[in-house]
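# Descriptive analysis of the structure
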Amino acid sequence: MAYPPRSPYDPQVPVVPAGPPAAFTGYGPQPQPPRRSLLPWLALAVALLVVAGTGGWFLYDRVIRTDSGVAACEALRDGDKAVDGDDGDKTMTEAEYRELRGVFEDSRYEDIRDHGTKLIDLVWQLSKLGDEPGLGALAFMGPLTEHVTGLQSACADQGVIVDLKLGE
């Protein structure tokens, strides 16, 4: 038989717990409902950030940012001296070649990228022939004409009309 606990102040007086008798368990510690994991919410937040970031990049890349190839077409149309070589120097340096080729390589339009890079490659090769190219330049006339007209057509497809004149 269990004896009731005694008060620490007077050991002769039993301590009577306040509240219902010990047989009633309704007020004791209750089992807690299981905690919901934050993992699904965290995964949803990450997925939304990825979708928003991808959409934002697509919007910037396709709508807001001007394509480098189209910008080169506009510079050719406007007669920009940095593009058409009116600086008095007929030779192209390797740095200029790489820079101009990179402008067309970075275009998202395949036709501008294809004709622009090939045209710059031809101009680079022609610049290596020197001041008196002679018959050596004749071999480049077919591909040069093809890529000049191809670039004009590719630029026109993007709404930029370029009037490139060969031999002037």
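Note that the coordinates shown come from a computational prediction; the quantities given were computed from them, not determined experimentally.

### Digging into the overall build of the chain
- For the chain, the count of helices and strands is six helices and zero strands.
- The N-to-C order of helical and strand elements in the chain reads α-α-α-α-α-α.
- Going through the 168 residues of the chain one by one, you find that 23% of them count as buried.
- Accessible surface for the chain amounts to roughly 12,800 Å². Of this, 61% is attributable to carbon and sulfur atoms.

### Side note on the state of the cysteines
- Summed over the entire model, instances satisfying the criterion amount to one disulfide.
- Put simply, Cys73 and Cys155 are joined by a disulfide, and their sulfur atoms are 1.8 Å apart. Because the torsion about its S-S bond is -65°, the bridge between Cys73 and Cys155 counts as left-handed. Of this pair, Cys73 sits in helix α2 (residues 68–78) while Cys155 sits in helix α6 (residues 141–157), and the two are 82 residues apart along the sequence. In terms of burial, Cys73 and Cys155 fall into one category: buried.

### As for the packing of helix α5 (residues 110–127) against α6
- For the pair α5 and α6, interaxial distance at closest approach is 8 Å and the crossing angle is 145°. Crossing handedness for the pair α5 and α6: left-handed. Across the interface between the two elements, Asp111, Ile112, His115, Gly116, Lys118, Leu119, Leu122 and Leu126 from α5 touch Pro143, Leu144, Glu146, His147, Val148, Gly150, Leu151, Ala154, Cys155 and Asp157 from α6.
- Its residues assigned to classes, the contact of α5 with α6 comprises ten nonpolar, four polar and four charged.

### What to know about α2
- Those residues of α2 that sit buried are Ser68, Gly69, Val70, Ala72, Cys73, Ala75 and Leu76.
- For α2, the side-chain oxygen to backbone nitrogen distance between the N-cap and Gly69 is 3.0 Å, and the N-cap itself is Asp67.
- Gly79 lies just past α2 and shows a positive phi near 75°.

### Focus: the side chain of Asp121
- Here Asp121 lies in helix α5.
- Not counting the four nearest positions on each side in its chain, Asp121 is found in contact with Tyr97 and Arg101.

### Structural notes on the environment of Arg101
- Note that Arg101 resides in helix α4 (residues 94–105).
- We classify Arg101 as partly exposed; its relative accessible area is 21%.
- The spatial distance from the C-alpha of Arg101 to the C-alpha of Asp121 is 7.6 Å, given a sequence separation of 20 residues.
- Beyond its immediate stretch of four places on either side in the chain, Arg101 contacts Thr117, Ile120 and Asp121.
- A polar contact is formed between the side chain of Arg101 and the side chain of Asp121, at a distance of 2.6 Å.

Rules used in this analysis
Each chain has its residues counted from 1, following the order in which its sequence is written. Per-residue local features of the predicted model are confined to residues with pLDDT of at least 70, and side-chain atom pairs are confined, for both listing and counting, to 80 or more; whole-chain, interface and lining totals are unaffected and use all residues. To get the side-chain values, take all heavy atoms of the structure and skip hydrogens and water. Each helix is a run of DSSP H or I of at least 4 residues and each strand a run of E of at least 2, with the numbering of both proceeding from the N terminus. The buried label goes to any residue with under 20% of its type's maximum accessible area, the exposed label to any with over 50%, and the partly exposed label to all in between, with areas taken from a 1.4 Å probe on protein chains only. In short, Shrake-Rupley with a 1.4 Å probe defines the accessible areas, and a residue's cover is counted only from the protein chains shown. Count a disulfide wherever a pair of cysteine sulfur atoms falls within 2.5 Å. The angle between two axes is taken between their N-to-C directions and runs from 0 to 180 degrees, where each axis is a line fitted to C-alpha atoms and a helix contributes only its stretch in contact. Handedness of a crossing is defined here by the sense of rotation of the near helix relative to the far one, left-handed for an anticlockwise turn of less than a right angle and right-handed for a clockwise turn. Contact definition: two residues touch when any of their heavy atoms are within 4.5 Å. Amino acid classes used here: Ala, Val, Leu, Ile, Met, Phe, Trp, Tyr, Cys and Pro are nonpolar; Asp, Glu, Lys and Arg are charged; the rest, including Gly, are polar. Polar contacts here mean pairs of N or O atoms no more than 3.5 Å apart (in protein, one a potential hydrogen donor and the other a potential acceptor; neighbouring residues in sequence count only if both atoms are side-chain atoms).

By themselves, these are just geometric observations and shouldn't be taken as functional.
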